[in-house]
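Below are the chains, spelled out letter by letter.
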Amino acid sequence: MTQNKWIPIASVLQGELVGRTVCIRGWIYRRSVVGGKAFVRIRDSTGVIQVVVDRSRVGARAVKELKDIGLEASVEACGTVVEQPRAPGGYEIHADRFNIIGYSRDFPIKGGEGLEYLLDNRHLVLRSPRYARLMKIKHTILRAGREYFISNGWWEVTPPILTASACEGGATLFPVKYFERTAYLSQSAQLYLEVLIYSLEKVWSLTPSFRAEKSRTRRHLAEYWHLEAEAAWYNMDDMMRVSEELVSYIVEKTLEERRRDLEEIGRNLDTLKQAVNTPYPRIRYDEAIEILQTKGVNIEWGADLGADEERVLAIEFEQPFFITHFPKEIKSFYMKLDPRDDRVVLGFDLLAPEGYGEIIGGSEREDDYEALLKRIVENGLNPEDYKWYLDLRRYGSVPHSGFGLGIERLAMWIAGLNHIRDTIPFPRFRGRIYP
Ligand code: 4AD
Ligand code: MG
């Protein structure tokens, strides 16, 4: 048997093989046995098709076996392609041959199970066509993100995951035993990317980032994929333009290549389409506070915007939108202060519409040695730990900016999910790391 004898189910569903004999293989997704006939829905990585296994064509044994065997058995089948409007996808295969490759008895997922049970059986749940679609959507998001940077002349680099110091504050650091001392899992590649702009000017990386988030929310993971960029000579506006072009490009590609998958999981494409158009609206933190106050939200200047505030603001916009110039107290030590008002930073968040909240955080970086040292001390950090980072401001400092995009946050919004966990095959949260 050669490899190419087997054809993908999707190519049968295209309808050009009616009347021909084909061979497929995959897993049993649904089946029912009526009299001497079994109706078996088989799925592979490309789709689901109904195979009719008739005693008169394949013998009584195959049909009897199908009565006993469970869902998710692996099988192969050869037969004639027939147009059948009542079958899902409009075509079915009338089998001449049907073999069971791997038995499956009492598959533990039958439908209607609770969340914790499904998470305990994640290794099996991931076989469902819905997860296959979500993983394909994520594939396209990742591919488009890489493609954007590569085709615009940015260098891909490989920063470490084991780190010596915090980028985003101690509260969400994961310590790990590192030989005789303690190290931390990276929260962001940013500080390393800043090093690398001195040789490559425009760099990007795609790495796992880790946050020891104290509570389980709909949009926080303990481990997520972080697409980050950093560029010499770029100011905040330049970097905001890169952010919006990147998001617009990813949405456009996903709409182009994954339209069917998006539709099948129930995503409303009209709202998504608006994100292809740039520029995205920009408001300052001051304006965000005013909008919130006129809407009756109890918030004062200086407070951080949480998920609830972000949702209220999102009602104002149909596209992703930027919030800029946050008070320095609620942002990280490395953000440059606005020379026109040093109570605020030259920092920006990009928020998804439809209430999905922050998908990108970025800023211009403090490039002055003394100013950065002051911010490190103000933030209660030890300047010793950041000696190397401060050095970058001692030897040929340049204005520069960067940002980080949370891939799962973006995927959650693009797919229109109400929880981040389904954007990643093996989600990590507080209280759970399995399998
Ligand atoms: O806003 P954050 O914390 O920014 C940084 O880490 C910067 N150092 C990035 C940079 O400038 N290079 O995180 C960036 C993005 C957020 O906008 C969000 O999309 C995502 O990372 N993110 C998370 N995604 C899932 N789960 C979490 N716990 C996340 N925390 C942040
Ligand atoms: Mg942020």
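Residues numbered from 1 in each chain as written. Chains lettered and ligands numbered in written order. Predicted model: local features only at pLDDT ≥ 70, side-chain atom pairs only at ≥ 80, totals over all residues. Heavy atoms only, no water.

**Side note on the sheet that holds strand 16 (residues 347-352)**
Phase 1: Spatial ordering of the open sheet is given by 6-10-11-18-17-16-13-12, a layout of 8 strands whose pairing is mixed. In this open sheet, the two edge strands, each paired with only one partner strand, are strand 6 (155-156) and strand 12 (282-284).
Phase 2: Together, strand 10 (202-210), strand 11 (223-232) and strand 18 (400-406) form the strand contacts of helix 6 (residues 129-151), whose direction differs from that of strand 10 by roughly 150 degrees.
Phase 3: Its contacts with the sheet put helix 12 (residues 307-314) on strand 13 (321-324), strand 16 and strand 17 (357-364), and the angle it makes with strand 13 is roughly 125 degrees. (Pairing = 2+ DSSP bridges. Helix = DSSP H or I, 4+ residues; strand = E, 2+ residues; numbered from the N terminus. Contact = heavy atoms within 4.5 Å. Axes fitted to C-alpha atoms, helices over the stretch in contact; angles between N-to-C directions.)

**As for the sheet that holds strand 4 (residues 74-83)**
Phase 1: Taken together, the 5 strands give a closed barrel; going around it, the order is 1-2-3-5-4, and neighbouring strands pair in mixed fashion. Here the average twist between neighbouring strands, direction ignored, is 50 degrees.
Phase 2: As judged from the 7 bridges shared by strand 1 (residues 21-34) and strand 2 (residues 37-43), these two strands associate in the antiparallel manner. Across the sheet, the residue bridging to V34 is K37, located in strand 2.
Phase 3: Strand contacts of helix 3 (residues 60-68): strand 1, strand 2, strand 3 (48-54) and strand 5 (91-102), with the helix running at about 55 degrees to strand 1, the strand carrying the most contacts.

**Some details on the packing of aromatic side chains**
Phase 1: Across all of its chains, the model carries 15 aromatic pairs by this definition.
Phase 2: Between Y148 and F149 the ring centres are 5.4 Å apart and the planes differ by 75 degrees, which places this aromatic pair in the edge-to-face class.
Phase 3: The class of Y148 is buried, set by a relative accessible area of 6%.
Phase 4: A centroid spacing of 5.8 Å and a plane angle of 70 degrees characterise the contact between W154 and Y234, whose relative ring orientation is edge-to-face. Placement of the pair is W154 in the loop between helix 6 and strand 6 and Y234 in the loop between strand 11 and helix 8 (236-257), with a sequence separation of 80 residues.
Phase 5: Put simply, the rings of Y148, F149, W154, W204, Y234 and Y249 touch in pairs and so form one group of aromatic residues.
Phase 6: A cation over an aromatic ring shows up here: R30 above the ring of Y29, its NZ or CZ 4.3 Å from the ring centre. (Phe/Tyr/Trp six-rings, centres within 6.5 Å; stacked < 30°, edge-to-face > 60°. Buried < 20%, exposed > 50% of the residue type's maximum accessible area, 1.4 Å probe, protein only. Lys NZ or Arg CZ within 6 Å of the ring centre and 35° of its normal.)

**Things to note about the pairing of strand 13**
Phase 1: Of the two faces of strand 13, the one carrying F321 and I323 and the one carrying F322 and T324 are both buried.
Phase 2: With 3 bridges connecting them, strand 12 and strand 13 associate as parallel partners. Its bridge partner lying in strand 13, R282 is registered against F322.
Phase 3: Relative to strand 16, strand 13 is paired through 4 bridges, and the arrangement is antiparallel. Looking across to strand 16, one finds that I323 is bridged to D349.

**Some points on the site of ligand 1**
Phase 1: Within the structure, ligand 1 sits among 24 residues, and E168, Q190, R211, E228 and E358 are positioned closest to it.
Phase 2: Between ligand 1 and S188 there is a distance of 2.9 Å, counted from a nitrogen atom to a side-chain nitrogen or oxygen.
Phase 3: Between ligand 1 and R211, the relevant distance is 2.9 Å, taken from an oxygen atom to a side-chain nitrogen or oxygen of the residue.
Phase 4: Notes on ligand 1: free accessible area 630 Å², of which the protein chains cover 94%.
Phase 5: Secondary-structure elements contributing two or more residues to the shell around ligand 1 are strand 11, strand 17 and strand 18.
Phase 6: Grouping the amino acids of the shell around ligand 1 by side-chain chemistry returns 8 nonpolar, 8 polar and 8 charged. (Near = heavy atom within 4 Å. Polar contact = N/O pair within 3.5 Å; in protein donor to acceptor, adjacent residues only side chain to side chain. Areas by Shrake-Rupley, 256 points an atom, 1.4 Å probe, with all protein chains shown as cover. Nonpolar A, V, L, I, M, F, W, Y, C, P; charged D, E, K, R; others polar.)

**Quick word on the domain arrangement of the protein chain**
Phase 1: According to the domain assignment, the protein chain contains domain 1 (3-102) and domain 2 (123-423).
Phase 2: Each of domain 1 and domain 2 was reduced to a C-alpha centroid, and the two centroids are 46 Å apart. (Domains from an automatic or database assignment.)

**What to know about the packing of helix 6 against helix 8**
Phase 1: Direction vectors running N to C along helix 6 and helix 8 enclose 135 degrees, while the axes themselves pass 9 Å from each other. Classified by the angle between their axes, helix 6 and helix 8 sit oblique to one another. Seen along the crossing, helix 6 lies across helix 8 with a hand that is right-handed. Residues I137, T140, I141, R143, A144, G145, E147, Y148 and F149 of helix 6 touch helix 8, and the partners they reach there are V242, E245, L246, Y249, I250, K253, T254 and E257.
Phase 2: A per-class count over the contact of helix 6 with helix 8 returns 9 nonpolar, 3 polar and 5 charged. (Parallel < 35°, antiparallel > 145°, perpendicular 65-115°, else oblique. Left-handed = near helix turned anticlockwise from the far one by under 90°.)

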